[in-house]
Structure formats: C-alpha cells, structure tokens
Amino acid sequence: ITLAMYPLEIMLCELLIWVASPMGDDASLPRQFRAVLFMDVYSDLDDGSGPISEQRQKELADLADTIQIGADRVQSALRRWEAVPRAWLTMKQRRHCSEMRAKFETLLDGLAEALEKRELQPLTLDERSWQELDDEAREADPFVMTVLGPFGSWTGLGVSSQYYWDIDNSRAGQNQFLYQAPPASRLLSLKDAADAFAVFEQHANTFTKSTRAKPPAAVEQNDAENSDQDHSSGDDYSASDDEDRPLRKGKTPKGPKSVRLPWLLVAGLCRCIQLVWVFLLIVAVLRETGTDTID
C-alpha cells in the first residue's frame, strides 16, 4: 500500500497540469475550473458588435474623427523625433521614443478592430519618414515650423550647453541650430509629444470601450481619471503586443504573441514534483525489496 502512494501522487500532479492547462481558444483560459466557467472575464460572448442606436453611432463617428486628428498629431510628432540623429539623443530619450512608437502601433491595431466592428472608416496615416516627405507634405504637417529639443552637449571647456534643432529649415548636410530657448509655441519637446500621445490614448481607449456596453460619456469620464494618474509626468511608457487583431492597411502581421507565465509556472513546478516522487518511488522499491538501502 505504501508503494501505491507514490504513483498516485504522480498521477495527482498530472491531473493538476491537465486541469490548469489553457484551452485552445482565443481567450486561453483554464476552462476546466468551475470558477472560470461562470466568469465572463474577457467578454467572450458579448463583444459589443450588436446593433446600437443611431445617436450612439453618430457619437462614435464623431469620436473617430477626433481620433483621426489625434493620430495625425502623434504620427507627426514621432516622425520628427525619429528623424533626429541618434547621437544627439540620450538613452532616456531614445527609450521613450521607441516605447511611445510601440504603444502607438498597438493602439492603432486595436482601433482598426473596433472601427471594423462599427463599420466606420479606418484610420489613414502618412507613414512616410521625415526624409521621404515632399515640401507640400512638410508644409501641411501639424507641427510645421516647430523646433526639436532640448539636446545637450559638452563644450571644449567641459561645460554643458543646450541647443535646439530647426528641422524645417535644415537640409541634407546643413543643419540649423538654435542656442537659445525658442517660444513655447515653436518648441516640440519630447514631453509635448508625450502629451499629444496621452490625449490620443485617452480617446482611443474611450472608443474601444465604447464598442462594448458602456456609453461614450461614461467611459470617457473613467478614462480621464485613469489618464490623469498614468500620464501626469508624460515620461513612463511600456510596449505591449495584442493577439490576432486586424492590422491597418500596409502592415504585415507579426503573429500571435501570448504570455502564459502562470500556466508555465504551474506546469514546471508540477513536473519537478513528479520527478521528486519518481525518485522517492525508486528509493522505496529498492528498500522494500532489500536490493539496496539509500540513506
């Protein structure tokens, strides 16, 4: 009877692995747990794609127009800052630019799905780099005639100084710099770009949640409170990727990228416990049969 307990413990761990394993659907939830069966955490059954009133459809259309304007501003700000030579940027500035771009792309992919649900026009963005824009496109830029900065440098005497880059009046090999702070209306700092992104993110989250059950006014009020807490400094961003969302025109799929750390942790621990019980079973068999004794 004692020996039978070891394989039973191994089978119990295997049963736990099977119960905790995620199902092969979009939600990847461990649906063998009874608590999960009675929870609608990810709103699998109600995706908000049902019929809505004409008034709400008009509100969503107006919000989509606002999002289009915000997306153009964010794209313009990021395009200008991405045109800055990397040698001029600090590590913190480079990290903020890359993280803001990654989160911007994720929000755009989520908006593409939400706009498609409501049968609204998809967002259209000029995704050309600053060097690829012609003179007409540069004049139509939302941040035309703004300078970028501040950038830091060290003089020959070991004294730090700041300068600003006049990107609109610069040409290949002929950069125009300002060594005095320009008026606030002419300056496009990284914080200004972050503020434009925060406004766009708030509207994007409002629209995405509005495609579900909440009206836009209620969602916008909740998003405003969250945005004040998350973007008060305009410095912290994190990159994330979404699974199986329709991409914007001209984009190539990156493939699903899911993180299942709790499931991997449970499976790994159970496998380790099983190996321990297998070793104890071998020791017990050797002891009971008198073949060998291991202390």
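Residues numbered from 1 in each chain as written. Predicted model: local features only at pLDDT ≥ 70, side-chain atom pairs only at ≥ 80, totals over all residues. Heavy atoms only, no water.

Enquirer: Just checking my understanding: could you explain the pattern of salt bridges for this structure?
Expert: Opposite charge on two side chains permits pairing when their charged atoms draw close. Tallied over the entire structure, the rule returns 11 salt bridges. Between Arg101 and Glu82 there is a salt bridge, with its nearest N and O atoms 2.9 Å apart. Taken together, the residues span a long stretch of sequence, with Arg101 in helix α4 (residues 91–117) and Glu82 in helix α3 (residues 54–82) at a distance of 19 residues. The exposure class of Arg101 is buried, given its relative accessible area of 16%. Take Glu82: its relative accessible area is 43%, and that puts it in the partly exposed class. Here Lys191 and Asp195 are joined by a salt bridge, their closest N and O atoms 3.4 Å apart. A residue pair is termed a helical-turn pair when its members lie 3 or 4 positions apart in one helix, as Lys191 and Asp195 do in helix α6 (residues 190–210) at four residues. Among the residues examined, Asp195 registers a relative accessible area of 31% and is labelled partly exposed. Linked by salt bridges that have partners in common, Arg79, Arg80, Asp141 and Asp168 make up one network. (Salt bridge = Lys/Arg side-chain N within 4 Å of Asp/Glu carboxyl O. Helix = DSSP H or I, 4+ residues; strand = E, 2+ residues; numbered from the N terminus. Buried < 20%, exposed > 50% of the residue type's maximum accessible area, 1.4 Å probe, protein only.)

Enquirer: Quick question: what am I supposed to make of the nonpolar core here?
Expert: It is characteristic of soluble globular proteins that their nonpolar side chains tend to be buried jointly. In this structure, Trp81, Val84, Phe104, Leu148, Phe151, Phe200 and Phe207 are the most contacted members of the largest nonpolar core, which totals 42 residues. If you list the elements that add at least two residues to this core, you get α3, α4, β1 (147–154), β2 (160–165) and α6. Per element, the largest residue contribution to this core is nine residues, and it comes from α3. (Core = buried A, V, L, I, M, F, W, Y, C linked by side-chain atoms within 4.5 Å.)

Enquirer: Explain the environment of Leu148 here, please?
Expert: On the secondary structure map, Leu148 appears in strand β1. Exposure remark for Leu148: the relative accessible area of 0% places this residue in the buried category. Separated by 15 residues in the primary sequence, Leu148 and Tyr163 place their C-alpha atoms 9.1 Å from one another.

Enquirer: I tried to follow the environment of Val285 on my own but got confused; where do I start?
Expert: Here Val285 is to be found in helix α8 (residues 261–289). Note on Val285: relative accessible area 34%, which makes it partly exposed. Distance from Val285 to Thr2, taken between C-alpha atoms, is 9.9 Å for residues 283 residues apart in sequence.

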